[in-house]
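# Residue-level structure breakdown
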Amino acid sequence: MIKEVFNKPTKWSVMKSLILKEIDDLIIGSMGIVAFISFFIGGVVAIQTALNLTNPLIPKSLIAFATRQSVILEFAPTFISIIMAGRAGSYITSSIGTMRVTEQIDALEVMGVNAINYLIFPKIVAFTLYPFVIAISMFLGIMGGWLAGVYGGFVGSDQFLEGIQTDFIPFHVFYAFLKTFVFGMLLATIPSFHGFYMKGGALEVGKASTTSFVWTSVVIITVNYIITQLLLS
Amino acid sequence: MIEIKDIEKSFGDTKVLKGISTTFETGKTNLIIGRSGSGKTVMLKTLLGIHTPEKGSISFDGRIYSELTRDEKRSLRTEIGMVFQGSALFDSMNVEDNVAFPLKMFTNKRGREIKDRVNEVLERVNLVDANYKFPNEISGGMQKRVAIARAIVNNPKYLFCDEPNSGLDPETSILIDELIQEITREYDMTTVINTHDMNSVLQIGEKIVFLKNGIKEWEGTNEQILETRNKSIVEFVYSSELFKKVRESLLEEDDEERKQDLNIKDE
Ligand SMILES: Nc1ncnc2c1ncn2[C@@H]1O[C@H](COP(=O)(O)OP(=O)(O)O)[C@@H](O)[C@H]1O
Ligand SMILES: [Mg+2]
């Protein structure tokens, strides 16, 4: 099944435009919601941390440190991936599922097109750009924390900038991007196969999108646990 | 010519095709008819290679499908055009791109050449000025025309149509039927059409295969079908209200003529 994705590839001239279209739909099209959520979640994390720091002995720069850690380690890679399972995943399942129920996939196969390669490969390629989305999410999350911290009067700008540089461990960034990459592949494939192998009519397309969202989320959360256990403990 | 011998196809425990043999002739519109659920679509998809039969052989002008290599199968596929029941146009592409699709995928033709060929077939199916419309912006009849154009754009030797009239009004149905028949003759294709529409049966049924419960119950031409005494055929043919009324009124006329005959004799 996975092998079929890379088997008997589609002509490059056709594939190129498919890939560009998927990048536009799945990656660029998701940037708005990702930016919005990242920015505000970053702000909320900063405020929550500030409100819980009642001990005057703890330096205020800890707010920045905590925001950075939460955003880079979990909120950006995992939380955003769950959002993406809803946004891009449902879109993938319903668009491929609709092609299945309206016999468009049969039409491709009758013509001799490897439908799995034609439909799924471009999505996988598009999702190799997913780490860029998460990098932007991390940046905006920390920005959000900074603005909320400074303008909420919880921490000085200098203290915050100092805090985000405290105890910086490059391996954490590697860990975050490694799991981001894995989640990207899951986001491209699980919803695709749910759409591709579905049966029935329009009603089932809706149901398939829902099941696909649930499964993608469950797998992402589980894989997140496994990777974290393996790499960080 | 497509020859099939003793085809059997099951899904799980249910046998849908129970040993069917027949031939579909070149340059003619061959019909597979039967009630809904009788196995017409499964039969067509088996011919297409979407379903693999458990038993039997299918030969395309002497080439036995199951004995072909992977490459030979692939090249045979490019000789086949298919019109799906719901047209199955790619809804992310406009009319022109839909029709151009097989050319872009399977030929080395370039921009201008592709465009010319696309316009040529669109003109052939009487669809002009719709190149840049999307499938959901045109009527069912126009979608069918696009589907036919896409099926014939690469000069196929074999054309398969699954219920080409479903969802169309009677007038448009006739036009689509005629179009398929004309194109079949012009391109000298072997055309196989699934239908349960009696109008099509009478109009373009040059060769008819009647399926019932996965068995070939009868075969013949549109002239023979009205004369046969096969009970299943008679039931099928006269299942439409219109045909029933026509038949009843014919029988009534018969009765009256007989009565008049009797009256004459009485006097
Ligand atoms: N992919 C499939 N899996 C299981 N059963 C199928 C499949 N396709 C068709 N069938 C069954 O085969 C029978 C014939 O269906 P079909 O060929 O679609 O009939 P029709 O003559 O209306 O086109 C039906 O009972 C249908 O339920
Ligand atoms: Mg059918």
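A quick note: this is a predicted structure, and the numbers were derived from the prediction, not measured.

## Re the overall build of chain A
Looking only at helices and strands, chain A has 10 helices and 0 strands in total. Its helices and strands in sequence order give chain A the pattern α-α-α-α-α-α-α-α-α-α, from N to C terminus. Across its three principal axes, chain A shows a C-alpha extent of roughly 70 × 35 × 30 Å. Expressed as a percentage of the 233 residues in chain A, the buried residues total 48%. A distance of 5 Å separates the average location of the 13 positive side-chain charges in chain A from that of its 12 negative side-chain charges.

## Description of helix H4 (residues 111-124) of chain B
All names here are of chain B. Under the 1.5 Å per step criterion, the end-to-end length of H4 is 20 Å for 14 residues, consistent within 8% with the ideal 20 Å. Residues of H4 that are buried: Ile114, Arg117, Val118, Val121, Leu122 and Arg124. Down the axis of H4, the smallest arc covering the buried residues is 155°, so these residues share one side. Among the exposed residues of H4, those pointing more than 90 degrees away from its buried face are Arg112 and Glu123. Looking at the buried side of H4, the elements it contacts are helix H3 (95-106), helix H5 (140-152) and helix H6 (170-187). Looking one or two residues beyond H4, the residue adopting positive phi is Asn126, at roughly 60°.

## Observations concerning helix H2 (residues 12-27) of chain A
Across its 16 residues, H2 of chain A extends 21 Å between first and last C-alpha, which sits within 8% of the 22 Å expected from 1.5 Å per residue. Here H2 of chain A has its buried residues at Val14, Met15, Leu18, Ile19, Glu22, Ile23, Leu26 and Ile27 of chain A. Looking at the buried positions of H2 of chain A, the neighbouring elements they touch are helix H3 (31-52), helix H4 (61-101), helix H6 (115-127) and helix H7 (130-151) of chain A together with H3 of chain B.

## Quick look at the packing of aromatic side chains
Under the defined criterion, the tally for this structure stands at 13 aromatic pairs over all chains. In this structure an aromatic cluster arises from ring pairing among Phe36, Phe39 and Phe40 of chain A. The positively charged end of Lys9 of chain B is found above the aromatic ring belonging to Phe11 of chain B, 5.2 Å away from the centroid. One cation-aromatic arrangement involves Arg150 of chain B over Phe90 of chain B; the distance from NZ or CZ to the ring centre is 4.6 Å.

## Observations regarding the site of ligand 1
Residue and element names in this part refer to chain B. Around ligand 1 sit Phe11, Val16, Arg35, Ser36, Gly37, Ser38, Gly39, Lys40, Thr41 and Val42, and those are all the residues in its vicinity. Lys40 places a main-chain nitrogen or oxygen 2.9 Å from an oxygen atom of ligand 1. Between ligand 1 and Val42, the relevant distance is 2.9 Å, taken from an oxygen atom to a main-chain nitrogen or oxygen of the residue. Coverage of ligand 1 by the protein chains reaches 58% of its 560 Å² of free accessible surface. With 3 residues, helix H1 (residues 40-48) is the single largest residue contributor to the shell around ligand 1. Residue composition of the shell around ligand 1, by class: 3 nonpolar, 5 polar and 2 charged.

## Observations concerning the confidence of the model for chain B
In this model, chain B carries a mean pLDDT of 90, and residues with pLDDT of at least 70 account for 95%. Listed scores for the predicted complex are pTM 0.86 and ipTM 0.82.

## Here we look at the packing of H4 of chain A against helix H5 (residues 104-111) of chain A
Residues and elements named next belong to chain A. Interhelical geometry of H4 versus H5 gives an angle of 70° and a closest axis separation of 4 Å. Of the possible angle classes, the one that applies to H4 and H5 is roughly perpendicular. Facing Ile96, Thr98, Met99 and Arg100 of H4, the residues of H5 in contact are Gln104, Ile105, Asp106 and Leu108. Here the contact of H4 with H5 is built from residues that sort into 4 nonpolar, 2 polar and 2 charged.

## Things to note about the sheet that holds strand E8 (residues 190-195) of chain B
All names here are of chain B. Spatial ordering of the open sheet is given by E6-E7-E8-E3-E9-E10, a layout of 6 strands whose pairing is mixed. Lying at the two open borders of the sheet, with one neighbouring strand each, are strand E6 (80-83) and strand E10 (215-220). Averaged over all adjacent pairs, the angle separating strand axes in this sheet is 15°, with direction ignored.

Basis of the calculations
Residue numbers here run from 1 along each chain, matching the order of that chain's written sequence. As a convention, the first chain written is A and the first ligand written is 1, with the rest following in written order. In view of the model being predicted, local features appear only for residues whose pLDDT reaches at least 70, and side-chain atom pairs are presented and counted only at 80 or more, with totals across whole chains, interfaces and linings using the full set of residues. No hydrogens and no water enter the side-chain calculation; it runs on all heavy atoms of the structure. Comment: elements are numbered from the N terminus, with helices defined as DSSP H or I runs of at least four residues and strands as E runs of at least two. Note on exposure labels: buried denotes an accessible area under 20% of the residue type's maximum, exposed denotes more than 50%, and partly exposed covers the range between, all computed with a 1.4 Å probe on protein chains only. Under this rule, positive means Lys or Arg and negative means Asp or Glu; His and the chain ends count for nothing. Taken as the charge location is NZ of Lys, CZ of Arg, CG of Asp or CD of Glu. Expected span of a helix: the number of residues minus one, times 1.5 Å. Throughout, the arc means that of the directions going from the helix axis to the C-beta atoms. Every residue pair with non-hydrogen atoms within 4.5 Å of one another is taken to be in contact. Any pair of Phe, Tyr and Trp rings, taking the six-membered ring for Trp, is counted once the centres come within 6.5 Å. Such a pair is stacked with planes under 30 degrees apart, edge-to-face with planes over 60 apart, and tilted for the rest. Charge-over-ring contacts are defined here by two conditions on Lys NZ or Arg CZ: a distance within 6 Å of the ring centre and an angle within 35 degrees of the ring normal. The rule for a residue being near a molecule or strand is that one of its heavy atoms must lie within 4 Å of it. What qualifies as a polar contact is a pair of N or O atoms within 3.5 Å, subject to a donor-acceptor requirement within protein and to the restriction that residues adjacent in sequence count only when both atoms come from side chains. Each accessible area is a Shrake-Rupley estimate made with a 1.4 Å probe; only the visible protein chains count as cover when residues are assessed. Residues are sorted three ways: Asp, Glu, Lys and Arg are charged, Ala, Val, Leu, Ile, Met, Phe, Trp, Tyr, Cys and Pro are nonpolar, and all the rest, Gly among them, are polar. Confidence of the predictor at the level of single residues is given by pLDDT, which spans 0 to 100. For every element, the axis is a line fit to its C-alpha atoms; helices are fit only across the contacting stretch, and the angle between N-to-C directions ranges from 0 to 180 degrees. Each angle is binned into one of four classes, with values under 35 degrees roughly parallel, values over 145 roughly antiparallel, values of 65 to 115 roughly perpendicular, and all other values oblique. A pair of strands is considered paired only if DSSP assigns at least 2 bridges between the two.

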